Each structure stands twice: as structure tokens, then as C-alpha cells.
Amino acid sequence: MLYYMFNKPQGCVTARTDAVHRTVMDYFPKELAERLHPVGRLDMDTCGLLILTDDGDLDFRIMQPDRHISKSYFFYALGAMDAEKQHRLECGMELAGFTARSAEFRLIKEYRTAELEAFMPAKRREKYMKNPDGPAFAGILTIHEGKKHEVKRLLEAVHCRIFYLRRDSIGGLSLDSSLEAGEYRPLTEKELELLINDEKNRSVQNTDAK
């Protein structure tokens, strides 16, 4: 079996093929691209940790929401974070279509909006910069389901808007900080063990809870 860690850049789609956009598979040589598939997905404008493999079961085992494998995301957002909003994130909340489980939030730093201009998507930069002195911040959110757009929707529910999002970890596996955007490498045996053991432990916990 093949297992690769990929630092997905912004601007490419998580798919094997796409008629319009560059895909994550375009970063791999043909002989690998023909064998690998992405595990789960990251939005086109989201970067960071993505696993690619030829293990057909891995996607189900670690990425399905009901497996409750933790995933941590670093982000920059417009708006202000306070104790009440943090409490809502950490206690879980109702979102359109589902109830989000409790998450772990960590505030990294507060900013003026203008200080984060370089991280804003070009197509929205002018709109966001209409209030250059407005509040913004960096944070880390760890979720345990990974439903569609969950991180962005959680922050929107507390009146904050993410404009830069990077996945840093899946379970016990963290993105290698030495990998530049668009680079990849095989998982080490230890990293694969962290990933698989986390999945096994969660499966046992879910069974015990029933």
C-alpha cells in the first residue's frame, strides 16, 4: 500500500480530474497519479494536509463524520472573538442541516484587518479591505466530524468570516512543516501507525459508547 502526505496549495481542487481547474493529482508524476486517490477533500481555497493513497478503505476509516477522527485547522478570520462565542464553539451548535459537535478553539493572535491583507483571496480583497481597521484574528479549531464546510460554517455562526484556512492535522498525524505548498512525501511507518492507531482507538470508543 502507498500512503503520501501532501501539502495542498490553494487554487487546486481535490479530485482526480477536472475539466476547468488544476487538481491535486497534477502535482504527482503520472505513475503515482494513476495509482493514488485523495482521502477526503479540501476546498479549492483551503490548503494544508491531504493524504493520498491506494488503500481503498482509508477514506471510510478516517474521514467519515461518524468516525469522529479529530482534524485541526489554522485560520485567519474577520471579526472579533470573545468568551461567549468561544463557549458556543466549544459546546456545539445547531447549523443548517445538522448539529455540530463540540470543538476545541484556541485564539492565536488578534489583528487589524489591514495586517492580514496578504492572506486574503484576490477576488474578495477589495471588499474585506473596506474596513482596514476592523477586527480580525488567527485561531485554531479542532473538530471531530469534518462535515462539509464545517469550520467555515461554525465561524460564520458566531459572526466571523474565515478568509484563509489550512488543515494542520488529522488524528495524530500533523503536516510536515518542511513541506512547501505543492510538495509531498511518503508517510513514515511511525506516521502511518499514528493515523491507523487513532482510527482503531476511535472505533473502540464508538463501539463502547453504543
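Residues numbered from 1 in each chain as written. Predicted model: local features only at pLDDT ≥ 70, side-chain atom pairs only at ≥ 80, totals over all residues. Heavy atoms only, no water.

## Comments concerning the pairing of strand β3 (residues 46-53)
Here's step 1: By the criterion of burial, β3 is predominantly enclosed, with eight of the eight residues buried.
Here's step 2: As paired elements, strand β1 (residues 3-8) and β3 share six bridges and run antiparallel to each other. Looking across to β3, one finds that F6 is bridged to L50.
Here's step 3: Relative to β3, strand β2 (residues 37-39) runs antiparallel, the two sharing three bridges. For V39, the partnering residue across the bridge sits in β3 and is I51.
Here's step 4: A loop of six residues connects β2 with β3, the two strands running antiparallel in sequence, and G40 in this loop sits at a positive phi of about 70°.
Here's step 5: When β3 meets strand β9 (residues 161-170), the two strands line up parallel, connected through three bridges. (Buried < 20%, exposed > 50% of the residue type's maximum accessible area, 1.4 Å probe, protein only. Helix = DSSP H or I, 4+ residues; strand = E, 2+ residues; numbered from the N terminus. Pairing = 2+ DSSP bridges.)

## Focus on the packing of aromatic side chains
Here's step 1: With the rule as written, the count across this model stands at 16 aromatic pairs.
Here's step 2: Taken together, a centroid distance of 6.4 Å and an interplanar angle of 35° make the contact between F75 and F105 tilted. Of the two residues, F75 is situated in strand β4 (residues 71-78) and F105 in strand β7 (residues 104-112); the sequence distance between them amounts to 30 residues.
Here's step 3: The buried category is assigned to F105, whose relative accessible area is 7%.
Here's step 4: Measuring from ring centre to ring centre gives 5.8 Å for F75 and F137, while their planes differ by 80°; the resulting arrangement is edge-to-face. In this pair, F75 is assigned in strand β4 and F137 in strand β8 (residues 135-143), connecting sequence segments 62 residues apart.
Here's step 5: Exposure remark for F137: the relative accessible area of 1% places this residue in the buried category. (Phe/Tyr/Trp six-rings, centres within 6.5 Å; stacked < 30°, edge-to-face > 60°.)

## Section: the pattern of salt bridges
Here's step 1: Using the criterion set out here, one finds nine salt bridges in the structure.
Here's step 2: Linking E156 and R161 is a salt bridge whose minimum nitrogen-to-oxygen distance equals 3.8 Å.
Here's step 3: Judged by relative accessible area, R161 falls into the partly exposed class, the value being 41%.
Here's step 4: Salt-bridge contacts for R166 lead to D168; the nearest nitrogen and oxygen are separated by 2.6 Å.
Here's step 5: Since its relative accessible area comes to 24%, R166 is described here as partly exposed.
Here's step 6: Three or more residues joined by partner-sharing salt bridges are found here, namely R41, D43, D45 and K152. (Salt bridge = Lys/Arg side-chain N within 4 Å of Asp/Glu carboxyl O.)

## Notes on the confidence of the model for the protein
Here's step 1: Counting all residues, the mean pLDDT for the protein is 90, and 92% of those residues have values of 70 or more.
Here's step 2: Mean pLDDT in the protein bottoms out at helix α6 (residues 189-209), which sits at 65, and peaks at β7, which reaches 98.
Here's step 3: Every residue in residues 203-210 is under pLDDT 50, and counting partners more than four places away or in other chains gives four contacts. (pLDDT = per-residue confidence, 0-100. Contact = heavy atoms within 4.5 Å.)

## Examining the domain arrangement of the protein
Here's step 1: The domain architecture assigned to the protein consists of domain 1 (3-65 + 174-203) and domain 2 (71-169).
Here's step 2: Facing the 17 residues of domain 1 at the interface are 13 residues of domain 2.
Here's step 3: Taken over both partners, the interface formed by domain 1 and domain 2 buries close to 1,200 Å², and the fraction arising from carbon and sulfur atoms is 47%.
Here's step 4: Counting across the interface, domain 1 meets domain 2 through two salt bridges.
Here's step 5: In this structure, D43 engages K152 in a salt bridge whose closest nitrogen and oxygen atoms are separated by 3.5 Å.
Here's step 6: Of all the secondary structure elements, the ones that give two or more residues to the side of domain 1 that touches domain 2 are β3 and α2 (58-63).
Here's step 7: Looking at the side of domain 1 that touches domain 2 element by element, the count peaks at five residues for β3.
Here's step 8: Residue classes in the side of domain 1 that touches domain 2 are distributed as eight nonpolar, five polar and four charged. (Domains from an automatic or database assignment. Buried area = accessible area lost by both parts, 1.4 Å probe. Nonpolar A, V, L, I, M, F, W, Y, C, P; charged D, E, K, R; others polar.)

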